[in-house]
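Spelled out from the first residue to the last, the chains are:
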Amino acid sequence: KVIEEEMQRFVGMDKQHHEYQNLKTYLEYLTKMPYGIWSEDNFDIKMAKSILDEGHYGMDEVKQRILEFIAIGKLNNSVQGKILCFVGPPGVGKTSIGESIAKSLNREFHRIAMGGDRDTAVLKGHRRTYVGAIPGKIVRALKSVEVENPVILIDEVDKLGQRSQAGDPASVLLEILDPEQNK
């Protein structure tokens, strides 16, 4: 319904109108979102173990916890909306573990780097009233992977910018990740 209403506005709008480009970008994102397109989950624990062992030497506790996570997903027939937190110094394999989880579950993978982001609009997206408004990083990730259920790695959370006149990015990230607000 929203797309149809916005299309009617767009069709009747003059190309010189100041909202034309913003509405065009908005419609492009609305029509390219992966509505109803899902990767079918694979909860094969033996395959997941081989994928984790293939890509990561050692890290037995981490791999065991991931296998438990997949096993619980198998019991519930879903891992939807679950959040795993990896902590460690640079170069220990946090990102590659995320890629291995996506490969194990047969899901698309997307990495979002948060380092230095100070503006909350980078996460949530700009209001459509601003010239050059674009969606936030999560929406752009969904458009990029073309499925509704990717594994999204939010990287460099420790490097998020501090609270500024543009808002508090850490609070916005917490709001985005809250399953009660965003299902």
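Just above sits the structure.
Here the residue index of a chain counts from 1 through its sequence in written order. Only residues with pLDDT of at least 70 get local features here, since the model is predicted, and only at 80 or more are side-chain atom pairs given and counted; chain-wide, interface and lining totals rely on the full set of residues. The basis for the side-chain values is all heavy atoms of the structure; hydrogens and waters are excluded.

1. Some remarks on the overall build of the protein chain
Inference 1: For the protein chain, the helix and strand inventory stands at 8 helices and 2 strands.
Inference 2: For the purposes of this entry, the term helix denotes a DSSP run of H or I that reaches at least four residues, the term strand denotes a run of E that reaches at least two, and both are numbered from the N terminus. Of the regular secondary structure in the protein chain, the N- to C-terminal order runs α-α-α-α-α-β-α-α-β-α.
Inference 3: Taken along its principal axes, the extent of the C-alpha atoms in the protein chain is 60 × 35 × 30 Å.
Inference 4: Only protein chains enter the accessibility calculation, which uses a 1.4 Å probe; a residue whose area is less than 20% of its type maximum is buried, one above 50% is exposed, and one in between is partly exposed. Counting over 183 residues, the protein chain shows a buried share of 33%.
Inference 5: In this analysis, two residues are considered to be in contact whenever any of their non-hydrogen atoms come within 4.5 Å of each other. Taking all contacts inside the protein chain whose residues are at least 6 apart in sequence as the whole, residues at least 24 apart take part in 68%.
Inference 6: The method behind every accessible area is Shrake-Rupley, applied with a 1.4 Å probe, and residues are considered shielded solely by the protein chains displayed. Looking at the protein chain as shown, the accessible area adds up to about 12,100 Å², and 52% of this sits on carbon and sulfur atoms.

2. Observations concerning the pattern of salt bridges
Inference 1: Note on definitions: salt bridges are taken to be side-chain nitrogens of Lys or Arg within 4 Å of carboxyl oxygens of Asp or Glu. Taken as a whole and assessed by the stated rule, the structure comprises 9 salt bridges.
Inference 2: For Arg-9, the salt bridge is made with Glu-19, and the minimal N-O distance between the two is 2.7 Å. Of this pair, Arg-9 sits in helix α1 (residues 2-11) while Glu-19 sits in the loop between α1 and α2 (20-32), and the two are 10 residues apart along the sequence.
Inference 3: The exposure class of Arg-9 is partly exposed, given its relative accessible area of 36%.
Inference 4: Of the charged contacts in the structure, one is a salt bridge between Arg-111 and Asp-155, with a shortest N-O distance of 2.8 Å. Pair noted here: Arg-111 is in strand β1 (residues 109-113) and Asp-155 is in strand β2 (residues 151-155), with a separation of 44 residues, a long-range link.
Inference 5: Salt bridges sharing partners connect three or more residues here, namely Glu-6, Arg-9 and Glu-19.

3. Brief notes about the side chain of Arg-107
Inference 1: Examined against the element boundaries, Arg-107 turns out to sit in the loop between α5 (94-105) and β1.
Inference 2: Arg-107 gets classed as buried once you look at its relative accessible area, which sits at 11%.
Inference 3: Looking at Arg-107, its side chain comes within polar contact range of the side chain of Gln-80, at 3.5 Å.
Inference 4: Polar side-chain contacts of Arg-107 include one of 3.3 Å to the backbone oxygen of Asn-149.
Inference 5: In this structure Arg-107 touches Ser-39, Asp-41, Val-79, Gln-80, Ala-102, Asn-149, Pro-150 and Val-151, once residues within four positions along its chain are discounted. The definition of a polar contact used here is a pair of N or O atoms within 3.5 Å, where within protein one atom must be able to donate a hydrogen and the other to accept one, and adjacent residues in sequence count solely through side-chain atom pairs.

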